[in-house]
Amino acid sequence: MRGRWLWAPLPLLRAFLLILALNGSALAAKDARPNVVLLMSDQWRADWTSFDLPKLRTKTFAKMAAEGTRFTRATTPAPICNPARASLATGLAYPKHGILSTNKQDELSELNQTIYQILRTSGVRTMTVGKDDLTLLGKMFGEPCTHGAKSADPLCGTKRSEQLGFDDFGRCYGKEFVSYVTNPVDPYMDALDKCGSFEKYKKESEACNLTGIISGKGYTCPGLSELKKENFIDDWIALKAQKFIAEAPEDKPFFLQVNYAGPHPPFVVTKAMMDARGGPREWPLAHNSTSLDAKAQQLVRENYALLIENIDQLNQDILDAIAKRGDLHKTYVCMFSDHGEMLGDFWDRSSIFEPFQKSSPYQASVSVPLVCIGPNVPAGRVVEDPVSMLDLASTVLELTGSTVPPFFDSVSMKDLLLGGEHDNRPTVSTLDYGLHRFSTAQRRLEDGHIWKLSCCKGVCPLGLDLRSGAPPPDETDWERQLFDLTEDPLEQRNLYESRPEMAAALRPALQINFASCGEAAEAEGGATPAPPVVVAKQAGQAGRMPSKPTSGFLQLYRASSDADEGSAFLQETWAVAPQPSCCLSEGDATCLA
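This write-up is about the structure you can find in this document. (Residues numbered from 1 in each chain as written. Predicted model: local features only at pLDDT ≥ 70, side-chain atom pairs only at ≥ 80, totals over all residues. Heavy atoms only, no water.)

1. Observations regarding the overall build of the protein
Threshold: Secondary structure elements follow DSSP: runs of H or I no shorter than four residues count as helices, runs of E no shorter than two count as strands, and numbering proceeds from the N terminus. Partly exposed describes any residue whose relative accessible area lies between the buried limit of under 20% and the exposed limit of over 50%, with all areas from a 1.4 Å probe on protein chains only and scaled to the type maximum. In this description, contact between two residues means that some pair of their heavy atoms is separated by no more than 4.5 Å.
Secondary structure assignment for the protein yields 16 helices and 17 strands. For the protein, buried positions account for 56% of its 593 residues. Once local pairs closer than 6 in sequence are excluded, the contacts in the protein between residues at least 24 apart make up 73%.

Dropping the structure here:
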């Protein structure tokens, strides 16, 4: 009898187990989407990898190139920190997201829809760590970090992090920001303060002017950091990233954006970095720089190399952390930078701007390294056509099965990444603030070469800061440049006058404020008026939209009599924002990159 009752429920038990198994399979299929990790450096130029400089030890970059696809002509949508990162976050081209410069108080509007919000809504765990430059992390000069005590300000580093779309976050400012504060104002500075190292960090960033030759702050740094390796800012960021990876839930895919603070100045390095190099190295000097002190150049370039190499190794540590949880085979990883660094190029030819930093239309500033690995990404493939960092926004969404908003300027590279053909779209890089007003476009033209057009108001700036005593350029003038990058990768021969057909082929791709290159006004004998600054408007307001309005979408418009060109323009009834105040140097804390 006991046996009868024992066996009678078995069919029901088997059916119940079968249902559980089927539901489990369905759940597993639902959550089988890949993870995505973006490893973004700050100010790493494209030609500073082991592929161009064999002495530079970027082993992780080379390994990823062997296992995945390397893009040799990747460009930034804007060659300066905040706008470039805003484009990645929003999928919008400069300046549609409303961030024109590096003014820290110009924060990304809450009306902007971010890829992080979209990912989180689609069920992806969203994580970020490091310097993202999307918002302030508290009041500009408000209460310092309080070690968890109650404060009128948001807890150190938490401001708007959840609103931006992040589940987990460890956000901080860049290295240069500490020079303008007296107390810790982000989680990294707070961590240093807790171990008694905040004042060391602050002192080191202020001791980087070995010579008076280079006036740009933070380039000639002869001393070593006193910080322990794990307390150096890029190491702290990487360790935080590894912790997030280890603790990410296993029942859903994750997205992680790692935002390093380096190799951006100040070029302070640690003893561990110096010991790892294996001895002194001689670096090629900047081109067109015979009058720039060679000894100072070697110091600048050695420290720049050490910072790159350290980040490269930290990226390997992050890959190891992904592998440790058994996820590397189902994770897409891209290593890249927000923009480049001039490093003194064109020193002999630049009488107005000091050719360091970024904010320049030249390749050293607008080009970035980019390599990606992941499921079905062809191994060892090299793509030599131009691609844009902007397009990573839509690519991330498509790879995770998330919806790409119809108003995005970002176009997914998923097909290209997985072995498809390049669609020959041009890449555009633009700045339009202060003395830095230019737009560049590059693509492969009918002769098979990569051509690049730059149209600049005033002059094409060769760096961020004006040289000491140099007069600002006349903004009623225009400078136009056309380069055959296939034959002239160092941009030595301007072919604008001799190859007008190539310039004409590229001009329509330029940002709308620069599409004429000023030629129409000059033909009429008058100066080109300064274009109105774009203004942000929430979707749904009166006006012409490029696509169906989406809730939360921020569309930007400019005044124009030609509203039928396919761009959305400001209507006459809408006010035009005033020109922003000019930011000429990094001496003002609000201008920090």
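2. Points about the nonpolar core
Selection rule: We call a set of buried Ala, Val, Leu, Ile, Met, Phe, Trp, Tyr and Cys residues a nonpolar core when their side-chain atoms join them within 4.5 Å.
Core analysis: the largest hydrophobic core is formed by 68 residues, its most contacted members being W48, M189, I237, L256, V258 and I318. Sort the elements by how many residues they give to this core and helix α11 (residues 294–324) lands first, with twelve residues. Apart from the residues within four sequence positions on either side, V258 is in contact with L38, L39, M40, V129, I237, A241 and I318. Among the nonpolar cores identified, the runner-up in size contains 41 residues, and I99, F336, L392 and V396 belong to it.

3. Regarding the side chain of T135
Here is the rule we go by: What qualifies as a polar contact is a pair of N or O atoms within 3.5 Å, subject to a donor-acceptor requirement within protein and to the restriction that residues adjacent in sequence count only when both atoms come from side chains.
Secondary-structure assignment places T135 in the loop between β3 (125–130) and α6 (161–164). Looking at T135, its side chain comes within polar contact range of the side chain of R171, at 2.9 Å. When residues no more than four places from it in sequence are discounted, the contact partners of T135 are E107, K159, R160, L164 and R171.

4. Structural notes on the pairing of strand β14 (residues 450–457)
The side chains of a regular strand alternate between the sheet's two faces. Applied cut-off: In short, DSSP must find at least two bridges between two strands for them to pair.
In terms of burial, β14 is a largely internal element, eight of the eight residues being buried. Alternating residues of β14 divide into I450, K452, S454 and C456 and W451, L453, C455 and K457, and every residue in both groups is buried. In this structure, the hairpin formed by strand β13 (residues 436–444) and β14 is closed by a connection of five residues, where G448 is found at a positive phi of approximately 85 degrees. Here β14 runs beside strand β15 (residues 478–484); their pairing, made up of seven bridges, is antiparallel. Bridge pairing in β15 places K452 opposite F483.

5. Observations regarding the sheet that holds β14
We apply this condition: Only C-alpha atoms enter the line fits that serve as axes; for helices the fit covers just the stretch in contact. Angles between N-to-C directions range over 0 to 180 degrees.
On the basis of which strands lie adjacent, the open sheet formed by four strands has the order β12-β13-β14-β15 and antiparallel pairing. Of all the strands in the sheet, the pair left with one neighbour each is β12 (427–433) and β15. Ignoring which end each strand starts from, the neighbouring axes of this sheet average 10 degrees apart.

6. Some remarks on the environment of L119
Tracing the chain through its elements places L119 in helix α5 (residues 115–121). Under the relative-accessibility criterion, L119 is labelled buried at 0%. C-alpha of L119 to C-alpha of G401: the two residues are 282 residues apart in sequence and 9.0 Å apart in space. Discounting chain neighbours no more than four positions away, the residues touching L119 are V124, T126, F255, V396, L397, T400 and S402.

7. Re the pattern of salt bridges
The condition is simple: Within this document, salt bridges are pairs made up of a side-chain nitrogen of Lys or Arg and a carboxyl oxygen of Asp or Glu, the two lying within 4 Å of each other.
Within the structure shown, the criterion is met by 34 salt bridges. Between K159 and E107 there is a salt bridge, with the nearest N and O atoms lying 3.2 Å from each other. Pair noted here: K159 is in the loop between β3 and α6 and E107 is in the loop between α4 (81–90) and α5, with a separation of 52 residues, a long-range link. The closest approach of N and O atoms between D345 and R301, which form a salt bridge, is 3.9 Å. Pair noted here: D345 is in the loop between β8 (331–337) and α12 (363–366) and R301 is in helix α11, with a separation of 44 residues, a long-range link.

8. A short note on unusual backbone geometry
Only a minority of non-glycine residues have a phi that is not negative, and only a minority of peptide bonds are not trans. Following Y94, the chain continues into P95 via a peptide bond in cis, with omega recorded as 0 degrees. Here G262 and P263 are connected by a cis peptide whose omega angle stands at 5 degrees. Mapped onto the fold, P263 is located in strand β6 (residues 254–263). Within the chain, L343 stands out as a residue other than glycine whose phi angle is a positive 55 degrees. Topologically, L343 is positioned in the loop between β8 and α12.

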